Amino acid sequence: MENRSFPKLGRSVGVVGLGAWQLGADWGQVSESDAHATLQAAVDSGVTFIDTADVYGDGRSEQIIGSFLKDHPGLTVFTKMGRRLPQEPGNYHLDNFRAWTDRSRANLGVETLDLVQLHCPPTPVFSSDAVFDALDTLVEEKRIGAYGVSVETAEEALTAIARPGVASVQIILNAFRHKPLERVLPAAAEAGVGIIARVPLASGLLSGRYDANTTFAADDHRNYNRHGESFDVGETFSGVDFQVGLEAVGRLRPLVPAGATMAQFALRWIIDQHGLTVVIPGARNPEQARANAASADLAPLSPETQEMITAVYDELIRPQVHGKW
């Protein structure tokens, strides 16, 4: 698999990683044995980067990854912190950071976290010198090797990129979310900041497996968060109306190369974007993990295909999402 670097970490990772939200919660039940099999399939397929968070299953995702790491050293694991308390800027301070990272260190079974990300905090947090001073202290104390941010909006990303200590920005980027291409990815490339693309399949919409009759389990966020009832609506189907998303997928389907799946095509589009470091599709089973990793083997999409993807975005998706995030 092609490797790309996080310049401020001095390490490279496979361009397709694994998002481990599914291994914790909110996507239906995944057993611990299935989670380990999924991790193994991803690593066997060339994945070297795993993204998790302390709130995925209240630490379950971290704990499963931690047990896996015992027999698989050398993987790069980024976690996230900040959503264990009410989302108030005042909760983002050094004492909480120490407590949160100590818990993640224990869950993952490591002395020093490779990198910890602020987990989509309130917007004022990105402008707080005290917050980033506290993150610098965590690095000095060797609780963490480096830090980054996970953001909801392009403006939050740009504010973070301007901070000299920020090593990575995680942002929603997919065929239904083009806005980061305008300013965020160029600014990150200039600053040496790695870009992690999350929600790459728009919560499965871009897998091409859903239709108007598809239903989701009660404990699946694609059921309970369609209108932002529990967290930012942009995290569910990338904020796109389900029916409009299905129409867009129907328009994109003829562009999928022979021998590839719709999901692999959607992931390849992300890989092709200049400034992208790693894309983190989730997986609930080994088959999904292997198929996602195989997207890195596809040939880059042609300029003509890229233009047609943009045309579908401009007509159907841009009016719904472009101005919001």
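Just above, that's the structure.
In what follows, the accompanying structure is described. Owing to the predicted nature of the structure, the values given are computational and were not obtained by experimental measurement. (Residues numbered from 1 in each chain as written. Predicted model: local features only at pLDDT ≥ 70, side-chain atom pairs only at ≥ 80, totals over all residues. Heavy atoms only, no water.)

1. Re helix α11 (residues 303–321)
Note on helix geometry: an α-helix contains 3.6 residues per turn, so any two residues three or four positions apart are oriented the same way.
Working step 1: Along α11, the helix axis deviates most sharply at Asp 314, where the bend reaches about 50°.
Working step 2: Within the span of α11, buried status applies to Thr 305, Gln 306, Ile 309, Val 312, Tyr 313, Leu 316, Ile 317 and Val 321.
Working step 3: Along its buried surface, α11 packs onto α8 (242–252) and α9 (262–271). (Bend = angle between axes of the 7 residues up to and from the residue. Helix = DSSP H or I, 4+ residues; strand = E, 2+ residues; numbered from the N terminus. Buried < 20%, exposed > 50% of the residue type's maximum accessible area, 1.4 Å probe, protein only. Contact = heavy atoms within 4.5 Å.)

2. Some details on α9
Working step 1: The buried count for α9 comes to 10 of 10 residues, which makes it a mostly enclosed element.
Working step 2: Close packing links the buried residues of α9 with β1 (3–6), β9 (194–198), α8, β10 (278–279), α10 (286–294) and α11.

3. Quick word on the pattern of salt bridges
Working step 1: All told, the structure shown has 20 salt bridges when counted by the stated rule.
Working step 2: In this structure, the salt-bridge partner of Glu 141 is Arg 98, at a minimum N-O distance of 2.5 Å. Highlighted residues: Glu 141 in the loop between α4 (129–140) and β7 (147–150) and Arg 98 in helix α3 (residues 94–108), separated in sequence by 43 residues.
Working step 3: Relative accessible area serves as the criterion here: at 25%, Arg 98 is assigned to the partly exposed category.
Working step 4: With a closest N to O distance of 2.9 Å, Glu 155 and Arg 183 form a salt bridge. One end of the pair, Glu 155, is in helix α5 (residues 154–161); the other, Arg 183, is in the loop between β8 (166–172) and α6 (184–191), with 28 residues separating them in the sequence.
Working step 5: Classification of Glu 155 as partly exposed rests on a relative accessible area of 47%.
Working step 6: Owing to a relative accessible area of 48%, Arg 183 belongs among the partly exposed residues under this scheme. (Salt bridge = Lys/Arg side-chain N within 4 Å of Asp/Glu carboxyl O.)

4. A short note on the sheet that holds strand β6 (residues 115–119)
Working step 1: The 8 strands are arranged β3-β4-β5-β6-β7-β8-β9-β10 in an open sheet whose pairing can be described as parallel. Every interior strand has two partners, whereas the edge strands, β3 (18–19) and β10, have only one.
Working step 2: Pairing between strand β4 (residues 49–51) and strand β5 (residues 76–81): 3 bridges, direction parallel. Looking across to β5, one finds that Asp 51 is bridged to Phe 78.
Working step 3: Where α4 meets the sheet, its contacts fall on β5, β6, β7 and β8, and the angle it forms with β7 comes to roughly 135°. (Pairing = 2+ DSSP bridges. Axes fitted to C-alpha atoms, helices over the stretch in contact; angles between N-to-C directions.)

5. What to know about the side chain of Asp 54
Working step 1: Looking at the element boundaries, Asp 54 is found in the loop between β4 and α2 (60–69).
Working step 2: Of the side chains with opposite charge, Arg 84 lies nearest to the buried Asp 54, which makes no salt bridge, at 4.6 Å.
Working step 3: The residues contacting Asp 54, other than those within four sequence positions of it, are Gly 59, Glu 62, Thr 79, Lys 80, Met 81, Gly 82, Arg 84, Trp 100, Arg 103 and Ser 104. (Lys, Arg positive; Asp, Glu negative; His and termini not counted.)

6. What about the nonpolar core?
Working step 1: Counting 94 residues, the largest nonpolar core has Phe 97, Val 169, Phe 176 and Leu 206 as its most contacted members.
Working step 2: Among the elements that line this core, the one with the most residues is α9, at 8 residues.
Working step 3: Non-local contacts of Val 169, meaning those with residues more than four positions away in its chain, are made with Val 149, Val 151, Ala 157, Ile 161, Val 193, Gly 194, Ile 195 and Ile 196.
Working step 4: Of all hydrophobic cores here, the second largest spans 11 residues; its members include Phe 6, Phe 78, Leu 115 and Ile 280. (Core = buried A, V, L, I, M, F, W, Y, C linked by side-chain atoms within 4.5 Å.)

In short, the description is geometric, and any link to function would need to be established separately.
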